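Each chain, letter by letter, is given below.
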Amino acid sequence: YAFTLIAALIPRYVRVNTRMGTLEDAIKALISRGFELSDPFSSKQGFRKDAHVPNLLLFHPSTTFRDNPLYISGKIILQDKASCFPALVLSPPATKEGVVIDATAAPGNKTTHLSALMKNKGKLFAFERDQKRFTTLKMMLSKAGCSNVSPINADFLTIDPQDPQFINVTHILLDPSCSGSGIVNRLDHLLETEIEDYADKEDRLEKLAAFQLMMIKHAMRFPNVKKIVYSTCSIYATENERVVCNALQSEEAVAGTFRLAPKNEVLPTWPRRGYPEEMTSPDEAASLVRCLPGEDATNGFFVSCFIRAQDTTGKRK
Ligand code: SAM
């Protein structure tokens, strides 16, 4: 019941797939189908642009798009606002030399977002371990017209960072399996597990956290990676701040001199930040992004961004 009440406070978010048309084209098409630029909570036809995420539109929570031609043709993607943050923070290169990894890609919301931000240039490797979810990923990529993506049905942890294919990877997005405890409106189909299903919640969270840490440490082993964004749709510090702290103290982080990106590089205008009591300094907490369901008009979410430190000559260590 509480979830239903909170879900009613979350607008229906629609990301315009700029790979297939401009924001203005989509707005015109939506108006021609009876929508109007007005407050989405006052009217079921109302919609407006989001204040933080470019090319994101907000509609009344009950709006459905399954039969809308824009959705059917891949010109719009149904994606919660918070789930748009990781690709924005990663800010992948839009050059023909760019090489990027989405380590945990299905169903492909963030992969299609990355591909659009890369303007379909360079190369985006999208890994997905689960075969069924991999099929969904491939369908989404083809519907969204993402031609710079190579989907690979493999476990990211088995990928050799020294493989010549991946040696030039500079940016990695890590959105691994989590408890899904932040998801209150179930329309994004991101949930794989429900924490309530597990008798021993703490034990389950610890197992997830160990796996999440392993994924970050593996990403840090790529020799040319300079930016890693780690996100979850969990509200628990065990899967968020604590995983980040452990990653920062890992051998991999020390050897590669990884640290957290400063707040001004991580959605600086977003007000809700990481839990200071979990971090070693207020600056570290400020560099993390949190979303609280019910309070922020999004699902619960967490975003962190690791960068490789530069030495004084500007050369990467
Ligand atoms: N980023 C996706 C999106 O925005 O559409 C959602 C990702 S979902 C939270 C996590 C995905 O990672 C699942 O599809 C899961 O099967 C996959 N996964 C989990 N562990 C993996 C691994 N070691 N290698 C590759 N994929 C993995």
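These figures come from a predicted structure and were not determined experimentally.

Undergrad: Sorry if this is basic, but what is going on with the site of the ligand here?
TA: Near the ligand you find 21 residues, and of these Thr104, Asn109, Arg129, Phe156 and Asp175 are the closest. Taken together, the residues of the shell around the ligand sort by class into eight nonpolar, five polar and eight charged.

Undergrad: Any chance you could explain unusual backbone geometry here in plain terms?
TA: Working note: non-glycine residues mostly have negative phi, and peptide bonds are mostly trans. A cis amide bond, omega 5 degrees, links Ala106 with the succeeding residue Pro107. Here Pro107 shows up in the loop between β6 (99–102) and α5 (109–117). For Asn120, which is not glycine, the phi torsion reads 60 degrees and is therefore positive.

Undergrad: Even after reading the chapter, I still don't get the sheet that holds strand β3 (residues 46–49), so can you show me in this structure?
TA: Working definition: the strands of a sheet are paired by backbone hydrogen bonds and lie parallel or antiparallel to each other. Spatially, five strands are ordered β2-β3-β4-β1-β5 in an open sheet, and the strand pairing comes out mixed. Each edge of the sheet is formed by a strand with only one pairing partner; in this case those strands are β2 (36–37) and β5 (76–78). Where strand β1 (residues 12–16) and β5 come together, three bridges link them in antiparallel fashion. Considered in β5, the bridge of Val16 is made with Ile76.

Undergrad: Quick question: what am I supposed to make of the UniProt feature "active site" (unreviewed entry) in the chain here?
TA: Per the UniProt entry, the sites bearing "active site" (unreviewed entry) are Cys233 in this numbering. Take Cys233: there are 25 C-beta atoms within 10 Å of it, and that puts it in the buried class.

Undergrad: Explanation requested: the packing of helix α7 (residues 201–219) against helix α8 (residues 241–248) in the structure shown.
TA: When two helices pack together, their arrangement is given by the angle between the helix axes and the distance between those axes. Orientation of α7 relative to α8, taken along the N-to-C sense of each, is 40 degrees, at an axis distance of 9 Å. The pairing of α7 with α8 is recorded here as oblique in orientation. Every pair of crossing elements has a handedness; the one defined by α7 and α8 is right-handed. For the pair formed by α7 and α8, the contact residues are Ala209, Gln212, Leu213, Ile216 and Lys217 on the first element and Arg242, Val243, Asn246 and Ala247 on the second. By residue class, the composition of the contact of α7 with α8 is five nonpolar, two polar and two charged.

Undergrad: I would appreciate a short explanation of the pairing of strand β7 (residues 123–127) in the present structure.
TA: Regular strands place side chains that alternate from one sheet face to the opposite one. β7 sits mainly inside the fold: four of its five residues count as buried. Pairing of β6 with β7 involves four bridges; the strand directions are parallel. Following the sheet pairing, Ile101 is matched in β7 by Phe125. Of the crossover connections in this fold, the one passing from β6 over α5 to the parallel β7 is right-handed. Once the chain exits β7 it traverses helix α6 (residues 131–143) before rejoining the sheet at strand β8 (residues 149–152), and the crossover so formed is right-handed.

Undergrad: What should I look at first to understand the pairing of β8 in this one?
TA: Judged by which residues are buried, β8 turns out to be one-sided: Val149 and Pro151 face inward and are buried, whereas Ser150 and Ile152, on the alternate face, are not. Alignment of β7 against β8, held across four bridges, turns out to be parallel. Considered in β8, the bridge of Leu124 is made with Val149.

Undergrad: How should I be thinking about α6 in this particular structure?
TA: One turn of an α-helix holds 3.6 residues; hence residues three or four places apart share an orientation. With 13 residues, α6 should cover 18 Å at 1.5 Å per step; its first-to-last C-alpha distance of 19 Å lies within 8% of that length. Looking at α6, one finds that the buried residues are Phe134, Leu137, Met140 and Leu141. All buried residues of α6 fall inside an arc of 120 degrees around its axis, so they share one side. Opposite the packed face of α6, turned more than 90 degrees from it, sit the exposed residues Gln131 and Lys132. On its buried side, α6 packs onto α5, β7 and β8.

Undergrad: Explain the environment of Val289 here, please?
TA: Of note, Val289 is situated in strand β12 (residues 289–291). Taking C-alpha positions, Val289 is 26 Å from Ala255, a pair spaced 34 residues apart along the chain. Leave out the neighbours within four places in its chain, and Val289 touches Phe85, Val266, Leu267, Trp270, Arg273 and Val303.

Undergrad: Explain the nonpolar core to me, please; I cannot follow it from the model alone.
TA: Soluble globular proteins tend to pack their nonpolar side chains together in the buried interior. Within the largest apolar cluster, 86 residues are counted, with the highest numbers of intra-cluster contacts made by Ala103, Ile172, Leu174, Ile216, Ala219, Ile228 and Val229. The greatest single-element share of this core, amounting to seven residues, is contributed by α7. The residues contacting Ala219, other than those within four sequence positions of it, are Ala103, Ile172, Leu174, Val225 and Ile228.

Conventions used here
Residues numbered from 1 in each chain as written. Predicted model: local features only at pLDDT ≥ 70, side-chain atom pairs only at ≥ 80, totals over all residues. Near = placed C-beta within 6 Å. Nonpolar A, V, L, I, M, F, W, Y, C, P; charged D, E, K, R; others polar. Helix = DSSP H or I, 4+ residues; strand = E, 2+ residues; numbered from the N terminus. Pairing = 2+ DSSP bridges. UniProt positions renumbered as here; feature names shortened; annotations may be inferred. Buried ≥ 20, exposed ≤ 12 C-beta atoms within 10 Å, placed from the backbone. Axes fitted to C-alpha atoms, helices over the stretch in contact; angles between N-to-C directions. Parallel < 35°, antiparallel > 145°, perpendicular 65-115°, else oblique. Left-handed = near helix turned anticlockwise from the far one by under 90°. Contact = placed C-beta atoms within 7 Å. Right-handed = clockwise from strand over helix to strand, strands pointing away. Expected span 1.5 Å × (residues − 1). Arc of directions from axis to C-beta. Core = buried A, V, L, I, M, F, W, Y, C linked by C-beta atoms within 7 Å.

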